Structure formats: C-alpha cells, structure tokens
Amino acid sequence: MTQASTPTADTVRRLVRSLLDEGTGGTGGPKVRPVGEGHEYTWWVGARHVLRLAPDRAASVRRRRELRLRDLLRSHLPVALPTSVAHGDWAPGLAFTLDALVPGGTAEEHDVSAVGEADLAGLLTGLRAVPVRQAEAIGVPRGAPRSLEALRRMAVHAAERLAAADEFDAARLHQLTPPGAAQLATQPGAAVLTHHGLTGEHVVVSADGRVRAVLDWTEAVIGDPAEDIAGLAVSVGSPAAVRAATLAGYGPRPCLRGLWLARCDTVMRLTDHLDGRTGDTVALLRTRLRRAWEPILLERVTAFEGDEPEP
C-alpha cells in the first residue's frame, strides 16, 4: 500500500496557495494548522475551509467515492453535507479534498433538541430512500451485519475487566442474553445506505440544538441500519436515537439492535483505553458509555411479531 510521508505545514501551504492564492508569487495565503493531535492529515485552512488529505491509496479511493456520494445524497437528506471547492492529488496517487467549512459545533459540544431529533429522523429516512443500486453504481460497498452474539460475548469479558477497575457494573450486560441476541439478528432485505460512522464529531449541531450537517462519508456502506442507530446512541444518547429512528419508521428490532451494538461497543472501547489500545480520552469514552447505557422504555419489548417490515 502506497503511503506518503506525513504532510508538513510547508506541504499544506504550497498546496493551498496553488488552490486559493494563485498570482501571489508564492507568498501569502490563508493560515494553516492541523485540526488537532493525531489528525496530521486534516488541516484548518483559514477560517473558511478544511483540507483533508488521504494517507494511502485505500483512503484515496474512499475520499474520491465520498465526493460522488455527496452529490447523490444532497437531494435525499434534510441536513447539509460538506461542499468541495477543490480536489485532486496532493502526492502521487493520494487524493485530497478542500471543503468549505460547515458552521456550527458538534454533538459532543451541544445537546440535540426535540427539533434536532426530527432532523436526525429525516437523516435516517433519507438514507432509506437512496436507491441501493445507485449507491452501488458509484462504488459504495456492501457491509455484512455484525453478529450481536459474538459481540455480546466479547463485551461480557470486557465488562469484567471494567468491573475490576471499578468503571462499570458487569451485571448490566446480563440484560442481553444469547436468545435475545438471536432475536435481534438482522432480517433479510434490511440493508440500506448507512453513514457507518455517526460519532458526535461528525454530527454538526447548532447552539439551538438543530442538526445542521453530517460530515465524513468515507466509511459509508450498504448494510445494517442499526449501525447508524448505534452511532446516534453514542453521539446523542439512546433515548434520542431511538426516538429519531422510530420517527423514521424503524420498528423495535432495529432500534434495540442498534442500542445493544452501541452498548457492547462502548464497553469494549473503554476497556481498550485501559489496556492502552486507543487514543481517545477516557473522559470521552466514559461519556459515550453513559449515553449508550441510558435506559429506554423500548427495552421492555421482548417479542417482535408485530413489527413493521423493514426496508
């Protein structure tokens, strides 16, 4: 796999000048700075743009596909998507896109209001409406649904590790039994276009709680809609995520499946931090764990014979 050296500020300045500041004789141009530690391939450009550089050829494929996917999605989604003002290669075979900065905070910074939950419902509804064949035609891959039972078993061991560190009550995972995990398996024909990375940093929220945009579509797949419900549970809390999914027309099965995907994932990610296998802060991981484990009334549902058919 081809991978260029880590871009420097000089590399980024030269690229930006060629895109935004032509005719200055190689001087001037907006200030550039990396968005943060551990994000060497994503840079703020002045106050109005963000530059995203692909680190390798696989990421370049996803970056170029994302540009096509954004165009497909704009007519289906009620929230904004980033707009590219320039794109190309920053090194041989390695793609970049210079995007207009989307104003607003993130779901990590602002709570989502009731109207914001309706925005999220519109997002999920719009994704269901995207024709799968059109998504496949622009290169969006299919993703196999995860085994909830396999995830449950791994999470049980992770929860025991957290319990020993006084971080979590491992007994809470006993709510998900092997029969329950089997009951929440995906149904035939349920695959839809999914963002597959709805972390709080990718959900742009205004100060009034409205969801204004969704960023970073590079991991999008045609797959299990519960993955996006799980992402929202981690980003905005389980009750808000389930309310949004219900407004979007999803029945109890995918809502509960998404809830348990989120719960198992957050237990395992906090354990990874204790074992030194993740760069996320412990405060963020604890917050995500708390959001995913917020109780919802739907958990009392144990039978799904009355479910509406999934898409």
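Residues numbered from 1 in each chain as written. Predicted model: local features only at pLDDT ≥ 70, side-chain atom pairs only at ≥ 80, totals over all residues. Heavy atoms only, no water.

Asks: How should I be thinking about the overall build of the protein chain in this particular structure?
Replies: Helices and strands together make up the secondary structure of the protein chain, namely ten helices and ten strands. For the protein chain, whose C-alpha radius of gyration is 21 Å, the value lies close to the compact-globule estimate of 19 Å for 311 residues. Projected onto its principal axes, the C-alpha coordinates of the protein chain cover approximately 70 × 45 × 40 Å. Residues counted as buried form 48% of the 311 residues belonging to the protein chain. Residue pairs in contact within the protein chain that sit at least 24 positions apart in sequence constitute 74% of those at least 6 positions apart. Entry remark: accessible area of the protein chain is about 14,600 Å², with carbon and sulfur atoms responsible for 53%. Side-chain charges of the protein chain comprise 36 positive and 38 negative groups, with the mean position of each set lying 3 Å from the other. (Helix = DSSP H or I, 4+ residues; strand = E, 2+ residues; numbered from the N terminus. Rg over C-alpha atoms; globule rule 2.2 N^0.38 Å. Buried < 20%, exposed > 50% of the residue type's maximum accessible area, 1.4 Å probe, protein only. Contact = heavy atoms within 4.5 Å. Areas by Shrake-Rupley, 256 points an atom, 1.4 Å probe, with all protein chains shown as cover. Lys, Arg positive; Asp, Glu negative; His and termini not counted. Charge placed at Lys NZ, Arg CZ, Asp CG, Glu CD.)

Asks: Explain the packing of helix α7 (residues 226–236) against helix α8 (residues 238–247) here, please?
Replies: Each packed pair of helices is defined by two parameters, the angle between the axes and the distance between the axes. The N-to-C vectors of α7 and α8 enclose an angle of 140 degrees; their axes lie 7 Å apart at closest approach. With respect to each other, α7 and α8 are oriented oblique. Note on packing geometry: the crossing formed by α7 with α8 is right-handed. Between α7, through Ile 229, Leu 232, Ala 233 and Val 236, and α8, the contact on the second element is made entirely by Ser 238, Ala 240, Ala 241 and Ala 245. Split into classes, the residues belonging to the contact of α7 with α8 amount to seven nonpolar, one polar and no charged. (Axes fitted to C-alpha atoms, helices over the stretch in contact; angles between N-to-C directions. Parallel < 35°, antiparallel > 145°, perpendicular 65-115°, else oblique. Left-handed = near helix turned anticlockwise from the far one by under 90°. Nonpolar A, V, L, I, M, F, W, Y, C, P; charged D, E, K, R; others polar.)

Asks: Looking at this structure, how should I read the nonpolar core?
Replies: Across soluble globular proteins, you tend to see nonpolar side chains buried next to one another. Counting 67 residues, the largest nonpolar core has Leu 69, Leu 73, Leu 123, Leu 193 and Trp 217 as its most contacted members. Broken down by element, the residue count for this core peaks at nine residues, all from helix α9 (residues 252–274). If you look at the next biggest cluster of nonpolar residues, it comprises 15 residues, including Val 32, Val 45, Leu 51 and Ala 86. (Core = buried A, V, L, I, M, F, W, Y, C linked by side-chain atoms within 4.5 Å.)

Asks: I tried to follow the sheet that holds strand β8 (residues 203–205) on my own but got confused; where do I start?
Replies: Strand-to-strand pairing in sheets goes through backbone hydrogen bonds, with the strands running parallel or antiparallel. Pairing in this open sheet of three strands is antiparallel, and the strands run β6-β8-β9 from one edge to the other. In the strand order of this sheet, the two ends are held by β6 (105–106) and β9 (211–214), each with one partner. Bridging between β6 and β8 involves two bridges; their strand directions are antiparallel. Its bridge partner being in β8, Thr 106 is matched across the sheet by Val 204. (Pairing = 2+ DSSP bridges.)

Asks: Can you walk me through the packing of aromatic side chains in this structure?
Replies: In this description, an aromatic ring pair is defined by two values, namely the gap between the centres and the angle between the planes. Throughout the structure, instances matching the rule amount to three aromatic pairs. Ring geometry for Trp 260 and Trp 293: centres 5.5 Å apart, planes at 90 degrees, overall edge-to-face. Note that Trp 260 is positioned in helix α9 and Trp 293 in the segment after α10 (282–292), a separation of 33 residues in sequence. There is no split in this pair, since Trp 260 and Trp 293 are both buried. Ring-pair connections join several aromatic residues into one group, and the members of that group are Phe 168, Trp 260 and Trp 293. We note Arg 128 situated over the ring of Tyr 250; from NZ or CZ to the ring centre the distance is 4.2 Å. (Phe/Tyr/Trp six-rings, centres within 6.5 Å; stacked < 30°, edge-to-face > 60°. Lys NZ or Arg CZ within 6 Å of the ring centre and 35° of its normal.)

Asks: Can you walk me through the confidence of the model for the protein chain in this structure?
Replies: It should be kept in mind that the predicted coordinates are not to be read in detail where pLDDT is low. Looking at the protein chain, the pLDDT average stands at 91 and 92% of residues meet or exceed 70. For residues 302–311, every residue scores under 50 in pLDDT, and the model assigns this stretch 19 contacts once sequence neighbours within four places are set aside. (pLDDT = per-residue confidence, 0-100.)

Asks: Help me out: how do you make sense of the pairing of strand β5 (residues 94–100) in this one?
Replies: Most of β5 sits out of view: six of its seven residues are buried. Bridge analysis of strand β4 (residues 84–91) against β5 gives six bridges, and the strand direction is antiparallel. Bridge pairing links Ser 84 to Asp 99 in β5. Where β4 folds back onto β5 in an antiparallel hairpin, the turn is made up of two residues, including Gly 93, whose phi is positive at roughly 80 degrees.

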